[in-house]
Each structure stands twice: as C-alpha cells, then as structure tokens.
Amino acid sequence: MSTSIVHIFNDDKFIDPSIKLFEEVIPNQSVYYIIKQKGDALHYVKSTNVKRVDLAIHQDKKELLDYINSNLNHVVFFHALDNDKQDLVREIFPTIKKVWFIWGYDLYENWSLLKKDIYQSQTKLLIQIKSNFKDKFLNSSFAFLLFQNINLVKNINIRAFKILNNTFNTKFYQSVQLIDFVVPVVPTEFPLVKKINSKVKYAPFTYGCIEDLLGNKIDKNVKNQPNILLGNSADPSNNHVEVFLELSKLDLKDRIVYVPLSYGGNDAYKKQVLNAGRELLGANFQPLIDFMPLEKYNEILLSCGTLIFNHNRQQGVGNIIISGYLGASLFLNEKSPVYQYYKSIGIKVFSISQVSKLIATPLNDYDININKTKLNKLYSKAAVHEKINTLLSLVNE
C-alpha cells in the first residue's frame, strides 16, 4: 500500500464504525481528522485515532492543508461534502486524489436540480416551500445546455441567467468538478453525480456491516412483530405528515408507530411533526426524541415488523438494511434511489402507495429469506471488507 489515506469527517454516529472497518482492512495506514470547534465535546465519535481540527482557526486549517499537500501520494476521503469540505477540496493540490463519500444531504440539498424534488406537498406547506419559476426553469432540458454555452446565456432573460449562475456557478458545483472518485450509498445515485461531473469515477463502500450493527441480535427476526418504524430523523425529507395521513385512515389497534426525531431538521419542524403525529395517530404515536445507544435502538427495531421510509432521496439505508435483514416489510418511496436499486436486484420492497393494503401482511418466509440472503451478500463484514479493498485498488491505479 503506497498511498496514505487522509479521512476528513464531522462528529457523527457513522464514523466510529467506519474507522473500525478501515483499521481491520488496512491498519495504521489512515489518518483521521474530525472537524470540530475548539472546546466543543465530541458527541458521537469515541475513537482515540482521531485528530481534531478547527477550520475556523486559520492556523489549524493551514496545518491540515500543508500536511495533505506535503505528499502527492495522499488520497483524501471526504465523508460528506458540506461547506467546510468544499473549501478544502478547492485548496488541495489538483494532483492529489479526492474521494467524496455521499451522505445524502450533501448531494440533494446542495444541488438545486435535486433539492426541489425532496419534499412532498404537505411537507412543503409545513416548511413553506412554494413551486415557482425557478423550479420549472431548472427542470427544463435546456437549462444546463444554456449554462455550458455562455454566449447563449447572455441573450436570455436576466432572471434565468441568475438562476443558472446560482445553480452551476457555485462552490458546491466547482468542488464536485475537482472530485476524482465518488462513493454513493447505492449505485443508483452515481448517475446523479455524473450529471455534475462527467469524469468522476465510481467506488464502493458501506458504513458499518450487519455483524457490527446487530451484534448479539444478529439471529433475531421481526416476523409478526406489530410495531412500525416511520422515518429515520427530524429532517423534513422524511415527509412525515404524508405518511401520518395514510396511517390515520387505518385501524392500527395497539400498534406503536415509532418516529425517530433525535437528530436532523430544526426545532420548528420537529414541533410541527410532534403536533401532527399526536393529532393524527393519537396513542399509537411514539416519537423518539433523545439519541439512544445502538443496543437500545435495536431493541425498538426488534419490535417493528414494518418499516416506512417516505424519502424521495437516499436516506436511512442503515435502518433499511437492519430491518430488511431481520425480516421486516419495507415500504419505500418509489422515487428513492434506494427503492429503485433494491427492486433492481430482487429485494422485496413495497411502495409507499401500498401501505394501506399491505401494512397488516407480514412477508412470507420465502421473501424473508431472499431479503436476508441478498442483504447479507451486500453488507456482511466480508462484503464490506471486500468493498474497502476494491476502493483502495481503484484509488491506487
């Protein structure tokens, strides 16, 4: 291994599992930098391998960039491409390879052509988003062509020019142009990035593996378990209210509808979700407000024979993997790249539109075994180790 890997990430629950995996496959060949303000405690990352860097402090940022640029054999792994990391991408030498691990929000909320499709009608009302000229214009097939031909842009409406400029002439867009490899959560996301940077290459990785995610619960199953897991966070991209409305039409009896709201989103939206959940689902509604250890969260998952994720974008895949492996019925939005990918490889997933018909019907043993086998092939420890080796081979070419 001639290449030295520099990981750059934020304080998040996915980081410790990924450090563990990289150290299992290539021990002592990675350097891990966590972006964190001086004096702030780490909430999720417990690994002793991490080095803290406060990018708001000029000297901290300079030392990080000097270290990266000091060795042209460095490869930089950006875990999510948020604002801070976009700055770093543009200041690292062009000859140093850069790898973007997509998390979801960093793609869909930074790229105007995708952001407009994240929210559904009721959720748009809650967060006060209106469909307007910008959405319609950017959805037109000639918008990108116009930007690529700047002489044409000069002759079009000034408002359209501003929209194009704010879509393509942005720090995010410029940063993605400098990325060499992209690691999507599911392969069906890759074509979306290719629309931004046609030269970018695909590489595989998965945060965590089934054995680590489930621990001693790996032999359990959730067949005939009554409860429902709805969404994965307080982010409006969960489109909570649309599902609440559908579930409110059903006789849920004493089923608990667990709704994780411990991270993401903002207090205003969270309050609206809490009010809507209580009003529409009553005693069946059980929000999860506080972050809980994985083991305790898994206990809740083990009581849920149904998972409903109404994201139009890729999100919450870790939950989907665990629940699917345990035998839950998976209801996903048809627009989601996750739904499209799992459908394409023969995993049994249902559309959100089928909730009213199938919520009371568990998967049969044949479909449970199919899902378990396919998910194990994709996300077992051996499979994830193999993905890391493939990733490293690609960036070393």
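Attention here is on the structure that accompanies the text. Small disclaimer: the values here were computed from a predicted structure and weren't measured.

It is worth spelling out helix 20 (residues 365-379) at this point. In this model, helix 20 (15 residues) spans 21 Å end to end at C-alpha, consistent with the 21 Å of a helix rising 1.5 Å per residue. Buried residues of helix 20: Asp-367, Ile-368, Asn-371, Leu-375, Leu-378 and Tyr-379, and no others. Seen end-on, helix 20 carries its buried residues on one side only, within an arc spanning 105°. When the buried face of helix 20 is taken as reference, the exposed residues oriented beyond 90 degrees from it are Tyr-366, Thr-373 and Lys-377. Regarding helix 20, its N-cap is Asn-364, as a side-chain oxygen of that residue lies 3.1 Å from the backbone nitrogen of Tyr-366 further along.

Note that Ser-351 resides in strand 13 (residues 350-351). At 3.1 Å, the side chain of Ser-351 and the side chain of Glu-334 are in polar contact. Side-chain polar atoms of Ser-351 contact the side chain of Ser-353, separated by 2.9 Å. Setting aside residues no more than four positions away along its own chain, Ser-351 makes contact with Phe-331, Leu-332, Glu-334 and Tyr-339.

Here the focus is the pattern of salt bridges. Counted by the stated rule, this structure contains 15 salt bridges. Residue Asp-87 is joined to Arg-90 by a salt bridge in which the shortest nitrogen-to-oxygen separation is 3.9 Å. With a gap of three residues between them, Asp-87 and Arg-90 both fall in helix 3 (residues 83-91), about one helical turn apart. A residue is classified by how much of its surface remains accessible, and Arg-90, at 38% relative accessible area, is partly exposed. A salt bridge links Asp-251 to Lys-253, with the shortest nitrogen-to-oxygen separation between them at 3.4 Å. Considered together, Asp-251 and Lys-253 belong to a single accessibility category, that of exposed residues.

Each value, and the rule that gives it
- Residues numbered from 1 in each chain as written.
- Predicted model: local features only at pLDDT ≥ 70, side-chain atom pairs only at ≥ 80, totals over all residues.
- Heavy atoms only, no water.
- Helix = DSSP H or I, 4+ residues; strand = E, 2+ residues; numbered from the N terminus.
- Expected span 1.5 Å × (residues − 1).
- Buried < 20%, exposed > 50% of the residue type's maximum accessible area, 1.4 Å probe, protein only.
- Arc of directions from axis to C-beta.
- Polar contact = N/O pair within 3.5 Å; in protein donor to acceptor, adjacent residues only side chain to side chain.
- Contact = heavy atoms within 4.5 Å.
- Salt bridge = Lys/Arg side-chain N within 4 Å of Asp/Glu carboxyl O.

That's the geometry; what it means functionally is another story.
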